[in-house]
Amino acid sequence: MSITITNILDIAPELSTASPSQIAAAIANADIFVNPTTWAEKTDIAKAYYAAHLLTLTRMRGTTGLGSEKVGDLQRAYMRPMALTALGLSSYGIQLDWMMRTLVITPIVVN
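The structure contained in this document is the topic of the report that follows. Going along each chain's sequence as written, the residues are numbered from 1 onward. Where local features are concerned, this predicted model is filtered to residues with pLDDT of at least 70; where side-chain atom pairs are given and counted, the filter is 80 or more; whole-chain, interface and lining totals use all residues. The side-chain figures draw on all heavy atoms in the structure; neither hydrogens nor water molecules are used.

**Here's the deal with the overall build of the protein chain**
Okay, so step 1: Only DSSP runs of H or I covering at least 4 residues are called helices, and only runs of E covering at least 2 are called strands; the numbering of each starts at the N terminus. Assigned secondary structure in the protein chain consists of five helices and two strands.
Okay, so step 2: Here the term buried applies to any residue with accessible area under 20% of the maximum for its type, exposed to any over 50%, and partly exposed to those in between, with areas from a 1.4 Å probe on protein chains only. Within the protein chain, buried positions represent 29% of all 111 residues.
Okay, so step 3: Contacts between residues were defined by any pair of non-hydrogen atoms, one from each residue, lying within 4.5 Å. Within the protein chain, contacts between residues separated by at least 24 positions form 54% of all contacts whose residues are at least 6 apart in sequence.
Okay, so step 4: We get accessible surface area from the Shrake-Rupley algorithm with a probe of 1.4 Å; when it comes to residues, only the shown protein chains can shield them. Approximately 7,900 Å² of the protein chain is accessible, and the part contributed by carbon and sulfur atoms is 60%.

**Remarks on unusual backbone geometry**
Okay, so step 1: The phi angle at Ala 40 is positive, at roughly 50 degrees, despite the residue not being glycine.
Okay, so step 2: Within the secondary structure, Ala 40 sits in the loop between helix H3 (36-39) and helix H4 (43-60).
Okay, so step 3: Classification of Ala 40 as partly exposed rests on a relative accessible area of 45%.

**Considerations on the pattern of salt bridges**
Okay, so step 1: Here, a salt bridge means any side-chain nitrogen of Lys or Arg that lies within 4 Å of a carboxyl oxygen of Asp or Glu. Tallied over the entire structure, the rule returns two salt bridges.
Okay, so step 2: Between Lys 47 and Asp 31 there is a salt bridge, and its shortest N-O distance comes to 3.1 Å. Of this pair, Lys 47 sits in helix H4 while Asp 31 is found in helix H2 (residues 20-33), placing the two residues 16 residues apart along the sequence.
Okay, so step 3: By relative accessible area, Asp 31 is classed as partly exposed at 37%.
Okay, so step 4: Residue Arg 101 pairs with Asp 97 through a salt bridge whose shortest N-O separation is 2.8 Å.

**Section: H2**
Okay, so step 1: Relative to the 20 Å expected for 14 residues at 1.5 Å per residue, H2 spans 20 Å between its end C-alpha atoms, a close match to the ideal helical length.
Okay, so step 2: Looking only at H2, the buried set comprises Ile 23, Ala 26, Ile 27 and Ala 30. The arc enclosing the buried residues of H2, seen along the axis, measures out at 100 degrees, which places them on a common side. Away from the buried face of H2 by more than 90 degrees, exposed residues Ser 21 and Ile 32 are located.
Okay, so step 3: Lining the buried residues of H2 we find helix H1 (5-11) and H4. Helix span, expected: 1.5 Å multiplied by one less than the number of residues in the helix. Working definition: the arc comes from the directions between the helix axis and the C-beta atoms, pointing outward to the latter.

**Concerning the nonpolar core**
Okay, so step 1: Residues Ile 8, Trp 39 and Leu 96 are the most contacted members of the largest nonpolar core, which totals 24 residues.
Okay, so step 2: Broken down by secondary-structure element, the contributors of at least two residues to this core are H2, H4 and helix H5 (91-100).
Okay, so step 3: In this structure, Leu 96 is in contact with Trp 39, Ala 46, Tyr 49, Tyr 50 and Leu 87, ignoring residues within four places of it in sequence. Only buried Ala, Val, Leu, Ile, Met, Phe, Trp, Tyr and Cys residues count toward a nonpolar core, and they belong to the same one when joined by side-chain atoms within 4.5 Å.

**Let's talk about the packing of aromatic side chains**
Okay, so step 1: Stacked, edge-to-face and tilted are the three classes for Phe, Tyr and Trp ring pairs, Trp counted by its six-membered ring, which pair at centre distances within 6.5 Å; planes under 30 degrees apart are stacked, over 60 edge-to-face, the rest tilted. Inspection of the entire model under this criterion finds two aromatic pairs.
Okay, so step 2: Aromatic pair Tyr 49 and Tyr 92: ring centres 6.2 Å apart, planes at 50 degrees, arrangement tilted. Pair noted here: Tyr 49 is in helix H4 and Tyr 92 is in helix H5, with a separation of 43 residues, a long-range link.
Okay, so step 3: Look at Tyr 49 and you get buried, because its relative accessible area is 17%.
Okay, so step 4: On the basis of relative accessible area, Tyr 92 is assigned to the buried category, the value being 9%.

In structure tokens:
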């Protein structure tokens with residue numbers, strides 16, 4: 001089974017403003033990078049979360065790690081914590097990372 005634009009929007013409704021071609025491109029990238037042999041029955045959900053992650057990163061392009069808050073006359077600026085991996089930059093990437101930890105991958109022993 002392959003994933004569709006609807007699958008992406010079901011898990012990430014805030015991405016509904018992305019164009020169908022942007023979503024299709026993210027799905028195409030997920031098809032390339034999510035290995036069905038490794039993911040087995042979890043392949044489609046992994047592809048959906050990876051595509052949502054890629055679309056979220058596209059929306060973040062050009063933003064900085066700076067944040068600020070202002071209440072009345074008081075204002076503060078700060079640096080947002082950076083993620084240790086690119087998957088940590090979106091909630092969908094964090095979920096995908098967690099799902100990766102559930103995979104049982106047998107190491108290949110080479111003599």
